[in-house]
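Examination of the molecular architecture
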Amino acid sequence: MAPGVILDVDPRSLENNSSHRTKEIDSGRLIVRRGQPFSIVVHCSHDPLQNHTLNLVLSLGTKDELVISVEEDMWAEDKWWFHQQEMQDGILVTLHSPADAIIGKYGLDVLLTSRGRVVEKTKRLNFHLLFNPWCKGDVVYLPDETLLQEYIMNENGVIFMGTSDFIRSIHWNYGQFEDFVMDICFEVLDNSNDALKNLERDLKKRCDPVYISRTITAMINSAGDKGVLTGRWDNKYSDGVSPSRWTGSVPILEQWSKSRCRAVRYGQCWVFAAVACTVLRCLGIPTRLITNFDSAHDTDGNLSVDYVQNYGSGRMETKGDSTWNFHCWVESWMKRQDLPEGNDGWQVLDPTPQELSDGVYCCGPCPVAAIKEGNLSMKYDAPFVFAEVNADVTYWVVGPDGRRRKANVDTMTIGRNISTKSVYSDKREDLTLHYKYPEGSEAERSVFRKAGRGVTEPSQPATEKALQLSIKHGSPVLGTDFDLIIEVKNQGGKSRTAELTIQVQGVSYNHVHRGNIQEHTTSVTVPAYEVHKEALRLRYEDYARCLSEHRLIRVRALLEPHGENEPTMTVTNIPLSVPELLVQVPGKAVVNRPMMAYISFTNPLPVPLRVGVFTLEGAGLLTQTQMRVKGEVGPGQKVAAKLSLTPFRAGVRKLVVDFDSDRLMDVKGVATVFVR
């Protein structure tokens, strides 16, 4: 037979991508999910099967590191196979991939052979294979369409921040289906240390979501590899982008890729988690972003965070341990075939670089079920995750004589209001009871004791003291002066006198010290069964110089009763709120039809704002766009901007806007756009 029988190969991308739920990624390229068949058409000039045999060969890797022969009509669950059906102008070839196939970019060669000799070979057809949470045989299978629409298909996210008492939210553009994001996700895998060391061995492991998710967790941060983001927490971002300015994952991934894998500056925990969520959803692993309020970082594994206040010192110190107002990670859904029964389902993955895990800065996947039951032998990093949501906090005071006295033990604070975006709306869903039994219950303490075996004896709650200390405050707005009320309550039957020290500091969300605002010491006498109230006025000109972009004030009150050796300490964190941006997109939104967006914001500060910039982003609406504000914005002055945008994908879209300036950062606004 003369060559040229095969005219071309039609990947049927539109049909295949529609049935495989990947057309949002691309309708022109073939992108399919494992465990689900897809069909291509081999167009021929005449019947090629009279004297020849059709053969299919798959290859993976930049230099065909893995080659897979596809057998015909095997009906096997654990191998690639195909069946063929003659058509009027060619052959309909249906390929079946195993539910545990390697994910990645495949090359498909279609061959005609005769008597074992290749007589014709088509131009290679490239396609991508992803995880398939709709396939029962896939270990990422999630049998709830509503959850899949949220945890795979939704490009719009909500991240919860602030403090456990004053939770705020920001909108985030995951953009997992934006142009070239999928390619960048595989580029991230290809640049991992394991892939660069031995690509063939790495490719063989890419069938396993445990391996993939662990690799992604390591690669989102740049510690020790060619990862995507560099973390920074010291408020010095002039050589990069402040973490609070980001509104979505796509610009971060694009910048990393275009710079040939040079780490993007800068990220903090919610940025790391959000980018990880984008990559994992894009690859087909159901994923959601989690916020843990009052999150512990226990470096010595004793399930206790110890704070030490030295006499006369304005700072409270720890030996490596810390607590964060909030900390973000992700959960991904998968079966854990590498662990005993009972550990399937949601797995904690934390891409923020904190501690080494098997020599790599990553964390997880760790089963949420194992955390709740205190089964800390389960891999990966269960003791660290358990401490994040369960550690006790102990406050110590070191006096002038060098003696250390225990001021307070808090067993109830760590791991509060563990949150994620609701499947049904942008509201908060509380997941705390997924991670632990009700705080203070016998079941919770029993799990804590079980988890604490083999480490330092867990702290026991201190006995109730006669003098009780609390800090009261309202919901202060940035730019205003406001009052704190420190209450000393005497629950005893006799009058008591004590030294009351109040320290007010500016801190970041992870409690990095930014400067002292006020320190006030006074002697108080409280009659039996009465309450003494001490008022403290905080003025904008005093606290403004110490604020981080998180607008957080930390107040610490220390009470030292005269003639007693039992100090009492309490700590509270006060977030300062700002008005949201007003974002409006009036009129009907239609694909490929221009429309206007309007943004406005009023300066709440008693000082002018300079070098203002709006950052806009929205999956399916526009790529990240920046608009600079001319001149300065005076106190109480309104600044407005407008922008023409042309939606390019239908569906429910979010236009997310950020405003930053020299004195005010991380001001967010959002508009929902229904695109027809």
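Described below are features of the structure shown in this document. (Residues numbered from 1 in each chain as written. Predicted model: local features only at pLDDT ≥ 70, side-chain atom pairs only at ≥ 80, totals over all residues. Heavy atoms only, no water.)

Right, let's talk about the overall build of the protein chain for a bit. Looking only at helices and strands, the protein chain features 13 helices and 38 strands. Against the compact-globule benchmark of 26 Å for 676 residues, the protein chain has a radius of gyration of 29 Å, which places it among compact chains. When its C-alpha atoms are laid out on the principal axes, the protein chain stretches across 110 × 60 × 40 Å. Within the protein chain, the fraction of its 676 residues that count as buried is 58%. Here the protein chain displays about 28,000 Å² of accessible surface, and carbon together with sulfur accounts for 47% of that area. Here the protein chain holds 77 positive side-chain charges and 84 negative ones, and the gap between their average locations is 4 Å. (Helix = DSSP H or I, 4+ residues; strand = E, 2+ residues; numbered from the N terminus. Rg over C-alpha atoms; globule rule 2.2 N^0.38 Å. Buried < 20%, exposed > 50% of the residue type's maximum accessible area, 1.4 Å probe, protein only. Areas by Shrake-Rupley, 256 points an atom, 1.4 Å probe, with all protein chains shown as cover. Lys, Arg positive; Asp, Glu negative; His and termini not counted. Charge placed at Lys NZ, Arg CZ, Asp CG, Glu CD.)

Of all 13 residues that make up strand β18 (residues 322–334), twelve are buried, and the element is covered over most of its length. In terms of strand pairing, strand β15 (residues 287–297) meets β18 through ten bridges, oriented antiparallel. Within the sheet, the bridge partner assigned to Leu 289 lies in β18 and is Val 330. (Pairing = 2+ DSSP bridges.)

Across its twelve residues, helix α6 (residues 209–220) extends 16 Å between first and last C-alpha, which sits within 8% of the 16 Å expected from 1.5 Å per residue. Residues of α6 that are buried: Pro 209, Val 210, Tyr 211, Ile 212, Ser 213, Arg 214, Thr 215, Ile 216, Thr 217, Ala 218, Met 219 and Ile 220. For α6, the N-terminal capping position is held by Asp 208, with its side-chain oxygen 3.0 Å away from the main-chain nitrogen of Val 210. (Expected span 1.5 Å × (residues − 1). Polar contact = N/O pair within 3.5 Å; in protein donor to acceptor, adjacent residues only side chain to side chain.)

Right, let's talk about the pattern of salt bridges for a bit. Evaluation of the coordinates by the stated rule reveals 41 salt bridges. Close ionic contact of Arg 29 with Asp 26 constitutes a salt bridge, the shortest N to O distance being 3.0 Å. Note that Asp 239 and Arg 265 form a salt bridge whose closest N and O atoms lie 3.2 Å from each other. Of the two residues, Asp 239 sits in the loop between β13 (229–231) and α7 (250–258) while Arg 265 sits in strand β14 (residues 264–267), which places them 26 residues apart along the sequence. Several salt bridges share partner residues, and in doing so they unite Glu 24, Glu 155, Glu 178, Arg 649 and Arg 653 into one network. (Salt bridge = Lys/Arg side-chain N within 4 Å of Asp/Glu carboxyl O.)

One pass over the structure, following the stated rule, counts zero disulfides. The thiol sulfur of Cys 366 is not disulfide-bonded, and the nearest other cysteine sulfur, from Cys 363, lies at 7.0 Å. (Disulfide = S-S within 2.5 Å.)

Our focus in this paragraph is the packing of aromatic side chains. Summed over the entire model, instances satisfying the criterion amount to 20 aromatic pairs. Seen in terms of ring centroids, Trp 75 and Trp 81 are 4.6 Å apart; in terms of plane orientation they differ by 45°. Their pairing is tilted. Owing to a relative accessible area of 4%, Trp 81 belongs among the buried residues under this scheme. Aromatic pair Tyr 106 and Phe 127: ring centres 5.3 Å apart, planes at 5°, arrangement stacked. (Phe/Tyr/Trp six-rings, centres within 6.5 Å; stacked < 30°, edge-to-face > 60°.)

Taken together, the buried positions of α7 are occupied by Val 250, Pro 251, Ile 252, Leu 253 and Trp 256. Directly beyond the C-terminal end of α7, a positive phi value near 60° is found at Arg 260.

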